[in-house]
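# Tertiary structure, described
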Amino acid sequence: MAKTVRNKVAWIVFVLLAIGIGLYPLIYLFATEDFGLLLGKSEEVLASDIWNLAFYGHISFGGLALLSGWSQFSKKLRAKHLNLHRTLGKIYIISVLISGLCGVYIGFFATGGLVSSLGFISLGLVWLFTTVVAYVGVKRKDMSLHQGMMIYSYAACFAAVTLRIWLPLLTLVLGEFLTAYRIVAWLCWVPNILFAYIWVRRKGITLV
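For the structure given in this document, a descriptive report is provided here.

### What to know about the overall build of the protein chain
Along the protein chain, the regular secondary structure elements total eleven helices and zero strands. Relative to the 2.2 N^0.38 estimate, which gives 17 Å for 208 residues, the radius of gyration of the protein chain is 17 Å and therefore close to what a compact globule would have. Across the 208 residues that make up the protein chain, the buried fraction comes to 41%. Long-range contacts, defined here as pairs at least 24 residues apart, represent 70% of the contacts in the protein chain between residues at least 6 apart.

Now the structure itself:
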């Protein structure tokens, strides 16, 4: 009974975080002046049309991926509304492809230099790879591969949430934003992938 309650609470927290951070890009889209991470960018970067297109493409479609992706883990939705599940899955995959490619590009301009860039570029590549393999799995009707890789994919996607949890905490502890940001470029997603690995193993999902 207690385990069931904990699972329900964890699910509610998971969904609320996904929706809350999924809607977060709206602040950037409707802000009348530079906000958040934009404050740390150089005038040269901010003046680049390509960078701006990639940045807003990344956060907009990344938010859409968060908003559509959590539903893929709802057994009730799959059982009762399979067509909706498939539609949301397609939206998620398209969103990841756009956001992931944009994310890899803007990763080269990440605040904090090489350490941050490598962290975010690696995240983008992992996100793209796991999502493409998940799509290949469902097309081949290999549901084990599809489900396993979707867990990894959304773990990478959820880095948008964990980044916003870790960054203020580390900045407060370290008293310095840049050092915290360099750490978070890896901390926001590597533990997520490790968690996904444990989850996949416990569910007995075979990926090969």
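### Comments concerning the nonpolar core
Formed by 39 residues in total, the largest nonpolar core has its most connected members in Tyr92, Phe120, Tyr154 and Cys188. It is helix α8 (residues 143-157) that contributes the most residues to this core, nine residues altogether. Residues Val45, Trp51, Phe55 and Ile59 belong to the second largest nonpolar core, which totals nine residues.

### Focus: the packing of α8 against helix α11 (residues 190-202)
Packed helices, taken two at a time, are described by their axes: the angle between them and the distance between them. One can describe the packing of α8 onto α11 by two numbers: an axis separation of 8 Å at closest approach and a directional angle of 160°. By the angle between their axes, α8 is roughly antiparallel relative to α11. Both α8 and α11 take part in a crossing whose hand is right-handed. Residues Gly148, Ile151, Tyr152, Ala155 and Ala156 of α8 lie in contact with α11, whose contacting residues are Asn192, Ile193, Ala196, Tyr197, Trp199 and Val200.

### A closer look at a nonpolar patch on the surface
Together, Val5, Val9, Val13, Leu17, Ile165, Trp166 and Leu169 make up an exposed nonpolar region whose accessible area comes to about 560 Å². Contributing elements (two or more residues each) for the nonpolar patch: α1 (2-23) and α9 (159-174). Position of Val9 relative to the elements: it lies in helix α1. With relative accessibility at 46%, the residue Val9 sits in the partly exposed group.

### Section: the packing of aromatic side chains
What the rule picks out here adds up to 16 aromatic pairs. When the ring of Phe14 is compared with that of Tyr154, the centres are 5.8 Å apart and the planes differ by 75°; the resulting orientation is edge-to-face. Separated by 140 residues along the polypeptide, Phe14 in helix α1 and Tyr154 in helix α8 bring together distant segments of the chain. Since its relative accessible area comes to 3%, Tyr154 is described here as buried.

### Some details on the state of the cysteines
Applying the stated criterion across every chain yields a total of zero disulfides. No disulfide involves Cys102; its sulfur sits 14 Å from the nearest other cysteine sulfur, which is in Cys157. Looking at Cys188, it has no disulfide partner, and the nearest cysteine sulfur is the one in Cys157, 11 Å off.

### Structural notes on α8
Along an α-helix, residues three or four positions apart point the same way, because every turn accommodates 3.6 residues. Spanning 15 residues, α8 covers 20 Å between terminal C-alpha atoms, matching the ideal 21 Å at 1.5 Å per step. The buried count for α8 comes to twelve of 15 residues, which makes it a mostly enclosed element. Turning to α8, its buried residues are Leu145, His146, Gly148, Met149, Met150, Ile151, Tyr152, Ser153, Tyr154, Ala155, Ala156 and Cys157.

So, how was this worked out
Residues numbered from 1 in each chain as written. Predicted model: local features only at pLDDT ≥ 70, side-chain atom pairs only at ≥ 80, totals over all residues. Heavy atoms only, no water. Helix = DSSP H or I, 4+ residues; strand = E, 2+ residues; numbered from the N terminus. Rg over C-alpha atoms; globule rule 2.2 N^0.38 Å. Buried < 20%, exposed > 50% of the residue type's maximum accessible area, 1.4 Å probe, protein only. Contact = heavy atoms within 4.5 Å. Core = buried A, V, L, I, M, F, W, Y, C linked by side-chain atoms within 4.5 Å. Axes fitted to C-alpha atoms, helices over the stretch in contact; angles between N-to-C directions. Parallel < 35°, antiparallel > 145°, perpendicular 65-115°, else oblique. Left-handed = near helix turned anticlockwise from the far one by under 90°. Patch = residues over 30% accessible without salt bridge, like charges linked within 9 Å, V, L, I, M, F, W, Y side chains within 5 Å. Areas by Shrake-Rupley, 256 points an atom, 1.4 Å probe, with all protein chains shown as cover. Salt bridge = Lys/Arg side-chain N within 4 Å of Asp/Glu carboxyl O. Phe/Tyr/Trp six-rings, centres within 6.5 Å; stacked < 30°, edge-to-face > 60°. Disulfide = S-S within 2.5 Å. Expected span 1.5 Å × (residues − 1).

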